[in-house]
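Residues per chain, in single letters:
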Amino acid sequence: MTSRSLAERILDRALPDGPSGHAIRGDLRQEHARRVRESGDRAAARWYLRQALSIWFFASRDGVVGRRWRSGRLVSDTRSSGGGFLADVREGVSVLRRAPAYSTGVVLTLGVAMAATVSVFAVVRGVLLRDLPYPEPHELVRFDAARDDGGYANGGLDYPIVLDWREGLETVPSVAAYQASDGVYVADGVAEVWQGTAAEPSFLEVVGVAPFLGSAYGPGEGGIGDQSIFLSHSLWERRFAADPGIVGRTITFYEAPWVVRGVLPPDFAYPGTRLDYLIPLRDTQWLEGRGTGVLRVIGRLGDGVSLDAAREELGALSTALEREYPGEIRTVLLRGVQQVETEPVRPMLWVFMGAVGFFLLVACANVSGLALARTEARRQELSVRLSLGASRARIARQVVSESATLALAGGLVGTLGAFWGIRGLLTLAPADLPLREGVRMDPLVLLFAFVLAVGTGVLFGALPGVRSARRGPADRDAVGEPGSPRGETIPGLGADRSRGRASLRCRAPHTFVRGVELRAHGLHGTGARAHGGDGPRKGGLSHR
C-alpha cells in the first residue's frame, strides 16, 4: 500500500461526509498536486500522509472516528471510539504529560492546600464529630460545680455529695468519682514515674469497659485504700513485655506492695484523665468532709432517660440537701461528657477549619486562572477539533476531565501529606487537647479527601470548561461549522460569502497541519469541484 492510498483511507475514516469534509479533502489534494510538481511523488506522498494522520489524531480524540454523519449531524455508530469518562481521563493524562511544568505546579498547589484541609478535618473529626469510644456514649454525663454566672467551676466536688447522688438519683443510677493520681514504680533499683487515675470501683462499669486481662471489681471490692491496680495496655506491653501472667503479681508502687488486678483494653482512654494505671480512691483525709472539692464525678443515664429529666431530678435533690445542710451544698451542672470536654476547643477548631477552607478556595482560584490561561493558549487547537466534528459539550467535558485528573492527583498528594500533617498538628496542639486519641486517618477522612479532590477539580475546571465551549469572534473566524446546510453563511465567515475563509491550525505529536484555508464557496456551493481537485484555486490552500 502506497503512502497516498494509506492517507486516503485514513481521511475516509477521519473526515465527515458533508461539504466541509469534501472541501478539506479537495484542498489537501490541491496542495498535494502542487508538491508533486515541485518536490516529486515521494515527498508529496509523505506530506499527504502526515496531514491525514494529524487530522485523524484530532478526530479520534473527540470520538469522530468511526461515526457517521447525516445531514450535518453526528450520529453514533457501533464502531465509535472515544466516548466516555475513562477516554476523557486517558486523553487528559496524555495532554497533561506534554505540559509537565503546568501539571506539576497545579498538583503541588492543590496538594499543599488539600493536605492542610484534610489534616485539620481529621482533627475536627476526631475531637468534635467522633462519638466517644464507649457503649451508648450519649448516656455519659458529668457533674460540675456551677459558678454564679452560670458557668462551671474548675474545682471538683466532695465525696459526701457523691454518696447522696448515688442514693437519691433514679435517673442516673450509676455514678463514679475519680481524681488524677501519680506515683513512682520501682524495679531493679530503677524508679519510673507513672501518671494515672484513682477512681471508685464503679468507674469501669459507668464508662462501659471491661478489662483486657483480669476482672472488674465485684461487690465490696476496690474500696478506698484497696491496694490493687489496673495497668494500661501500653504500660503492660512496654514495662512488662506483655506478660499474660501479670495478673496477681505484686509490684512495688507508692513505696508499697500492690497486686495487679488486670490490664485495661488497648487504646482505652477517658477524657481529662491520665491512664498509665487505674487504682481505687486512697486519700481518705480529703474525702470525709463537705466542701473539699477534689473529685470529678461522672454518671450514666438510665435507659430512656433524657438529660433534661435528669437535670430536673438533680435540681430537686439539691434543694432538699440544701435544707438539710445549709451553706454546704453547691449548685451543680449536669452535661454530656462529650460537650464538657470539647466545649473549650470547639470554637477554635471551627475557626481553624474555616481558615484552611478559605486557603483551599484561594488555591482553586489561582489554579483556575492558570487553567483559563492555558485554555486560551489552546484556542486554535480547540477550534480545529470543533471543525472536525467535536461538540461544544465534548470540548468542555474534556477540559473539565483534565482539571479533574489534576485535582485527583493533587488529592493523592494531599492525602499522603495529611498523614504527616496530622502528626504535626498533634505535636503543636496543647497537651490537654481532649480526645486526641481519636485523631487519625480513618475511612471517613479518606472519603472527605476524595470528595474534596473531585469537588476541587469541578470547581477550578468549570470556568475553563465553559470558556472553551464558548467561541468568541476569534474562534468563529478560525473555523466554520461542519456540515452547514448548503446556501447558508457559515458563522464567523463574515458577510462576504464568496471570500470568507476559515483557518485550521493545530499541532500534534510528530505531525502538524498548517494553514488549511477553506473558501466559503468551496464549503457550500462547489464541494464536488473541491473534491475533484480540478486545478489549483487561488487562495484555496497555502503552505508555510
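Note that the structure is predicted; figures quoted are calculated from it, not measured.

About the criteria used
- Residues numbered from 1 in each chain as written.
- Predicted model: local features only at pLDDT ≥ 70, side-chain atom pairs only at ≥ 80, totals over all residues.
- Heavy atoms only, no water.
- Salt bridge = Lys/Arg side-chain N within 4 Å of Asp/Glu carboxyl O.
- Patch = residues over 30% accessible without salt bridge, like charges linked within 9 Å, V, L, I, M, F, W, Y side chains within 5 Å.
- Areas by Shrake-Rupley, 256 points an atom, 1.4 Å probe, with all protein chains shown as cover.
- Helix = DSSP H or I, 4+ residues; strand = E, 2+ residues; numbered from the N terminus.
- Buried < 20%, exposed > 50% of the residue type's maximum accessible area, 1.4 Å probe, protein only.
- Arc of directions from axis to C-beta.
- Contact = heavy atoms within 4.5 Å.
- Axes fitted to C-alpha atoms, helices over the stretch in contact; angles between N-to-C directions.
- Parallel < 35°, antiparallel > 145°, perpendicular 65-115°, else oblique.
- Left-handed = near helix turned anticlockwise from the far one by under 90°.
- Expected span 1.5 Å × (residues − 1).
- Bend = angle between axes of the 7 residues up to and from the residue.
- Nonpolar A, V, L, I, M, F, W, Y, C, P; charged D, E, K, R; others polar.
- Phe/Tyr/Trp six-rings, centres within 6.5 Å; stacked < 30°, edge-to-face > 60°.
- Polar contact = N/O pair within 3.5 Å; in protein donor to acceptor, adjacent residues only side chain to side chain.

What am I meant to see in the pattern of salt bridges here?
Pairing is possible between side chains that carry opposite charge, provided their charged atoms lie close to one another. Overall, the coordinates contain 19 salt bridges when judged by the stated rule. Across the pair Arg249 and Asp243 runs a salt bridge, and its minimum N-O distance is 2.4 Å. One connected set of salt bridges, linked through shared partners, spans Arg142, Asp144, Arg296, Arg335, Glu341 and Glu343.

Would you mind going over a nonpolar patch on the surface with me for this structure?
On the surface, Leu408, Leu444, Leu447, Phe450, Val451, Val454 and Val458 cluster together into a nonpolar patch covering about 600 Å² of accessible area. No other element matches helix α14 (residues 443–469), which puts six residues into the nonpolar patch. Looking at the element boundaries, Leu447 is found in helix α14.

Looking at this structure, how should I read helix α8 (residues 233–240)?
Since there are 3.6 residues in each turn of an α-helix, residues three or four apart along the chain are aligned in direction. Among all positions of α8, only His233, Leu235, Trp236 and Phe240 are buried. Burial along α8 is one-sided: seen end-on, the buried residues are contained in an arc of 165°. For α8, exposure combined with an orientation more than 90 degrees from the buried face picks out Ser234 and Arg238. Turning to α8, the residues buried within the fold contact β4 (174–187), β5 (190–199), β6 (213–214), β7 (228–231), β8 (250–253) and β9 (256–263). At the exit of α8 stands Ala241, carrying a positive phi of roughly 55°.

Teacher, can you tell me more about the packing of helix α6 (residues 159–168) against helix α9 (residues 307–324) here?
Any two packed helices are characterised by the angle at which their axes cross and by the distance between the axes. Two numbers describe how α6 lies on α9: the axes approach to 11 Å, and their chain directions differ by 125°. Accordingly, the angle class assigned to the pair α6 and α9 is oblique. Once α6 is placed against α9, the crossing between them reads as right-handed. On the side of α6, the interface is formed by Ile161, Asp164, Trp165 and Gly168, while α9 contributes Glu313, Leu314, Leu317 and Leu321.

Would you explain unusual backbone geometry in this entry?
Negative phi values dominate among residues other than glycine, just as trans dominates among peptide bonds. Phi is positive for Tyr254, which is not a glycine, with a value near 55°. Note that Tyr254 resides in the loop between β8 and β9. Of note in this structure, Glu255 is not a glycine but carries a positive phi near 55°. With respect to the secondary-structure elements, Glu255 resides in the loop between β8 and β9. Residue Glu255 is classed as exposed on the basis of its relative accessible area, which comes to 79%.

Would you mind going over helix α13 (residues 392–428) with me for this structure?
The end-to-end C-alpha separation of α13 is 50 Å, in line with the 54 Å expected for 37 residues at 1.5 Å each. Along α13, the helix axis deviates most sharply at Ala418, where the bend reaches about 35°.

Would you mind showing me how to read the packing of helix α5 (residues 100–129) against α13 here?
Where α5 meets α13, the axes come as close as 6 Å, and the angle between the chain directions of the two elements is 45°. Accordingly, the angle class assigned to the pair α5 and α13 is oblique. For the pair α5 and α13, the crossing hand works out as right-handed. Residues of the contact of α5 with α13, tallied by class, amount to 17 nonpolar, eight polar and no charged.

What is the right way to read the packing of aromatic side chains from this model?
Aromatic rings considered in pairs are described by the distance between their centres and by the relative angle of their planes. This model, assessed by the stated rule, comprises 15 aromatic pairs. For the ring pair Phe143 and Trp165, a centre distance of 4.4 Å and an interplane angle of 20° mean the geometry is stacked. Placement of Phe143 in strand β3 (residues 140–145) and of Trp165 in helix α6 is noted, with a sequence separation of 22 residues between them. The same class applies to Phe143 as to Trp165, namely buried. Arranged with centres 4.5 Å apart and planes meeting at 10°, the rings of Tyr185 and Trp194 form a pair that is stacked. A network of ring pairs unites the aromatic residues Tyr185, Trp194, Phe240, Phe253, Tyr254, Trp258 and Tyr277 as a single cluster.

Help me understand the environment of Ala418 in this model?
Relative to the elements of secondary structure, Ala418 occurs in helix α13. Residues in contact with Ala418, not counting those within four places in the same chain, are Ala115, Val118, Ser119 and Met441.

Mind showing me how you'd approach the side chain of Ser232 here?
Its place among the elements puts Ser232 in the loop between β7 and α8. At a separation of 3.1 Å, a polar atom in the side chain of Ser232 contacts the main-chain amide nitrogen of Leu235. Ignoring any residue separated from it by four or fewer positions in sequence, one finds Ser232 in contact with Val263, Leu264, Leu275, Asp276 and Tyr277.

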